[in-house]
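Geometric and topological summary
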Amino acid sequence: MHDTRLLPSVLLAGCGKMGTAMLEGWLSQGLRPSVILDRHDQTLPHPHRHIRQTEELPADFIPDVIVMAVKPQTSDSLLHQLTRHFAGVPVLSLMAGRTLESLSQHSFAHTGHPPAIIRAMPNTPCALGVGMTGLYAGPHVTEQQKHDCEKLAGAVGKTIWVEQESQMDIVTAVSGSGPAYVFLLAELLEKAGIDQGLPPHTARELARQTIYGAGCLLSHSTLDAAELRTRVTSPGGTTAAALNVFMAPDAWPDTVTKAIQAAVSRSEKLAS
Ligand SMILES: NC(=O)C1=CN([C@@H]2O[C@H](COP(=O)(O)OP(=O)(O)OC[C@H]3O[C@@H](n4cnc5c(N)ncnc54)[C@H](O)[C@@H]3O)[C@@H](O)[C@H]2O)C=CC1
Ligand SMILES: O=C(O)[C@@H]1CCC=N1
């Protein structure tokens, strides 16, 4: 009998930046005995096991969910081997851009089972339990399989289901890649503070804590982001002076639109 207080067991294929972020959160919550497959060494608490290649899969192990967290460009042969080995086990694919159609080609074709694939697009704040994961379920997924995948994603942050697969490209561009945009803002704020004459450690502390504090305010407030912005902006004051630069039509509004379009378009290309 499974311990229902624990998260579903996983075969986590790929434990790099994203796989590690999810795994850290899962381990801190309690995970049924799982296997992590990665070429690189991993230190795991008992009873979880690390293997370097599929040939080392323990004979007594059947996961509740196969989690694919390798690069989308290099996943095909691994997916092929794993879905042959674990026929009928659902696949939770974290891979940007890989569509159900392209994943299906490399999965259950040989087993006679229809592919049970759920796509998920998490982000690295999952490591601290404050991630955001968009989810999309394919047609052959049972309610129990959806529930297991949502439990895994929900253990490391918020989850949201999208109704059309094409929307996963937009989720990827907005929240999957999103932390990188915020880290870039932190870098640029820190640099600007130094350029204006602050000591580096002071500029770093100001930039980081400001982004953290603004993120907490957004998370706890029911107000629109625009209203929170307005509450910082005194008429004729310092914020207005900076926002006049940021909000010029060819500045942030245009740049953010173009950047998100570029990410969506890259996600679409990764499908082929
Ligand atoms: N990094 C991020 O913020 C996010 C990444 N993703 C998705 O997660 C996936 C992984 O991305 P990252 O973690 O950034 O990449 P990564 O390169 O850090 O991790 C991939 C891991 O897979 C392992 N690996 C690859 N092929 C293997 C094989 N055949 N056998 C054993 N181990 C193998 C590598 O050793 C590496 O540790 C990608 O598909 C990406 O689209 C999704 C959301 C966010
Ligand atoms: O850059 C990438 O392709 C992955 C997907 C979202 C975040 N990292």
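About the criteria used
- Residues numbered from 1 in each chain as written.
- Chains lettered and ligands numbered in written order.
- Predicted model: local features only at pLDDT ≥ 70, side-chain atom pairs only at ≥ 80, totals over all residues.
- Heavy atoms only, no water.
- Helix = DSSP H or I, 4+ residues; strand = E, 2+ residues; numbered from the N terminus.
- Buried < 20%, exposed > 50% of the residue type's maximum accessible area, 1.4 Å probe, protein only.
- Contact = heavy atoms within 4.5 Å.
- Areas by Shrake-Rupley, 256 points an atom, 1.4 Å probe, with all protein chains shown as cover.
- Lys, Arg positive; Asp, Glu negative; His and termini not counted.
- Charge placed at Lys NZ, Arg CZ, Asp CG, Glu CD.
- Domains from an automatic or database assignment.
- Buried area = accessible area lost by both parts, 1.4 Å probe.
- Salt bridge = Lys/Arg side-chain N within 4 Å of Asp/Glu carboxyl O.
- Polar contact = N/O pair within 3.5 Å; in protein donor to acceptor, adjacent residues only side chain to side chain.
- Nonpolar A, V, L, I, M, F, W, Y, C, P; charged D, E, K, R; others polar.
- Phe/Tyr/Trp six-rings, centres within 6.5 Å; stacked < 30°, edge-to-face > 60°.

Considering the overall build of the protein
When its secondary structure is counted, the protein shows 10 helices and 8 strands. Based on the C-alpha atoms only, the size of the protein along its principal axes is roughly 70 × 35 × 35 Å. The buried share of the protein, taken over its 272 residues, is 40%. The long-range fraction of contacts in the protein, counting pairs at least 24 apart against all pairs at least 6 apart in sequence, stands at 61%. As displayed, the protein offers around 15400 Å² of accessible surface, 58% of which is attributable to carbon and sulfur atoms. Put simply, the protein has 21 plus and 25 minus side-chain charges, and the middle of one group is 2 Å from the middle of the other.

Topic: the domain arrangement of the protein
In terms of domains, the protein is made up of domain 1 (10-176) and domain 2 (233-272). In this structure, domain 1 and domain 2 have C-alpha centres spaced 32 Å apart. Listed by partner, the interface residues are 12 residues for domain 1 and 8 residues for domain 2. Both faces considered, domain 1 and domain 2 share a buried interface measuring about 710 Å² in area, 66% of it formed by carbon and sulfur atoms. In terms of surface lost to domain 2, no three residues of domain 1 exceed Gly 97, Asp 169 and Ala 173, which account for 53% of the buried area on that side. Our count for the contact surface shared by domain 1 and domain 2 stands at 0 salt bridges. Linking domain 1 with domain 2 are 1 residue pair in polar contact (both at pLDDT 80 or more), by the criterion used here. For the side of domain 1 that touches domain 2, the per-class residue count stands at 5 nonpolar, 5 polar and 2 charged.

Overview of the packing of aromatic side chains
Scanning the model with the defined rule gives 2 aromatic pairs in all. Pairing Phe 61 with Phe 86 gives two aromatic rings, centres 6.2 Å apart and planes at 90°, and the pair type is edge-to-face. Here Phe 86 lies in the loop between helix H2 (76-85) and strand E5 (91-93) and Phe 61 lies in the loop between strand E3 (49-51) and strand E4 (65-68), a separation of 25 residues in the sequence. A single burial state applies to Phe 61 and to Phe 86, both of which are buried.

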